[in-house]
Amino acid sequence: MSALNIVSENRAFGGVQGVYSHASAETKTDMMFAVFVPDHPVGEKLPVLWFLSGLTCTHANVMDKGEYRRLASELGLIIVCPDTSPRGEGVPDDDGYDMGQGAGFYVDATEEPWATNFRMRSYIELELLALVAQQFPADTERQSIFGHSMGGHGALTIGLRNPDRFKSVSAFAPIVSPLNCSWGHKALGGYLGTDQSTWRDYDACALIEDGARVTDILVDQGTADQFLDEQLKPNLLVEACERAAIPLTLNMREGYDHSYFTISTFMDDHLRWHAERL
């Protein structure tokens, strides 16, 4: 297990908002992430809620604009906010915002030049999960996951693949089916190759079609989201969940867009929803 470096720690709502870095064995780079730990009695273990961010984001976007600390402190939830990709000198990148650094899509890449560093699936599911369990007062039997856009895709797919590890899963404006949008075709084609059968592990609708199950799913989606029809396509998740008899709450929020104004507005709803299940 790599050493944990403290980048910053600040008091907030009685707890501590920290930013940390470590040398990742999975990505072969230094990785940064944020963790909020509420005030708690010495020795007490707290439930953990993971937030996965979207395209172009780092840990800092939701940390600075997500407005989660007040209620997370009241509910006693640890909030973990990883980065969205490996970064740094020598790490492959793309000219577009939708692939490369800032756009890891939470996959383990198999194609060059991405395969060496872009292992965000294993980084989140194995390495960072173990590091958080070792370094923070985390109750590993009570963990849930949510995310936004590309991070919503990550939360849904990780939750569906690991229902024994994550008690609940939700998303803001998720990419529900990379198999059926241009963002997905570019990223998964680049990271995984042209054989689309290898993409199914990274497509929430395909995972459900192939038998993956969770107890229920919560999604908030703005009707004024500029990516709604072309990239996000929540109707595909509705259809997949209906066929699989998975209870899905899809809140179509009138006039809301794809930004953190939307996320911060409905953040409390998601925190309370997960807390009930943890």
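Just above sits the structure.
Thresholds, definitions, all that
Residues numbered from 1 in each chain as written. Predicted model: local features only at pLDDT ≥ 70, side-chain atom pairs only at ≥ 80, totals over all residues. Heavy atoms only, no water. Buried < 20%, exposed > 50% of the residue type's maximum accessible area, 1.4 Å probe, protein only. Helix = DSSP H or I, 4+ residues; strand = E, 2+ residues; numbered from the N terminus. Pairing = 2+ DSSP bridges. Polar contact = N/O pair within 3.5 Å; in protein donor to acceptor, adjacent residues only side chain to side chain. Contact = heavy atoms within 4.5 Å. Phe/Tyr/Trp six-rings, centres within 6.5 Å; stacked < 30°, edge-to-face > 60°. Expected span 1.5 Å × (residues − 1).

**Student:** So what exactly am I meant to see when it comes to the pairing of strand β8 (residues 217-222) here?
**Tutor:** Along a regular strand, successive side chains alternate from one face of the sheet to the other. Most of β8 is tucked away, with 6 of its 6 residues classed as buried. Where burial is concerned, the two faces of β8 agree: the one with Ile217, Val219 and Gln221 and the one with Leu218, Asp220 and Gly222 are both buried. Across 4 bridges, strand β7 (residues 169-172) lies against β8 in parallel orientation. Looking at β8, one finds that Phe172 is bridged to Asp220. Two strands pair when backbone bridges link them, and β8 and strand β9 (residues 248-253) are joined in this way by 6 bridges, in the parallel orientation. Of the residues in β9, the one forming a bridge with Val219 is Leu250.

**Student:** Got a minute to help me understand the side chain of Asp220 in this structure?
**Tutor:** Structurally, Asp220 can be placed in strand β8. A distance of 2.5 Å separates polar atoms of two side chains, one belonging to Asp220 and the other to Arg253. With near-sequence residues (within four places) excluded, Asp220 lies in contact with Ala171, Phe172, Ala173, Asn251, Arg253, Phe266 and His270.

**Student:** Help me out: how do you make sense of the environment of Ala187 in this one?
**Tutor:** If you trace the backbone, Ala187 turns up in helix α5 (residues 182-192). We classify Ala187 as buried; its relative accessible area is 0%. Once the C-alpha coordinates of Ala187 and Gly104 are considered, the two residues, 83 residues apart in sequence, prove to be 8.2 Å apart. Filtering out sequence-adjacent residues up to four positions away, Ala187 remains in contact with Asp98, Met99 and Phe105.

**Student:** So what exactly am I meant to see when it comes to the environment of His22 here?
**Tutor:** The topology assignment puts His22 in strand β2 (residues 15-23). Given a relative accessible area of 1%, His22 falls into the buried group. If near-sequence neighbours (up to four positions away) are discounted, His22 is found in contact with Ser2, Ala3, Asn5, Thr29, Asp30, Met31, Phe33, Tyr123, Glu127, Leu128 and Leu131.

**Student:** Can you help me understand the packing of aromatic side chains in this one?
**Tutor:** Aromatic ring pairs: the centre-centre distance and the angle between the two ring planes describe each pair. Counted according to the given criterion, the structure contains 11 aromatic pairs. Judged by centre distance (5.4 Å) and plane angle (90°), the rings of Trp114 and Tyr191 are edge-to-face. On the criterion of sequence distance, the pair formed by Trp114 in the loop between β5 (78-82) and α3 (120-135) and Tyr191 in helix α5 is long-range, its members being 77 residues apart. With relative accessibility at 0%, the residue Tyr191 sits in the buried group.

**Student:** Could you clarify how one ought to interpret helix α4 (residues 150-161) in this entry?
**Tutor:** Since there are 3.6 residues in each turn of an α-helix, residues three or four apart along the chain are aligned in direction. Helix length check: α4, at 12 residues, gives a terminal C-alpha distance of 16 Å against a target of 16 Å (1.5 Å per residue), a fit within 8%. Burial within α4 is extensive, with 12 of its 12 residues counted as buried. Buried residues of α4: Met150, Gly151, Gly152, His153, Gly154, Ala155, Leu156, Thr157, Ile158, Gly159, Leu160 and Arg161, and no others.

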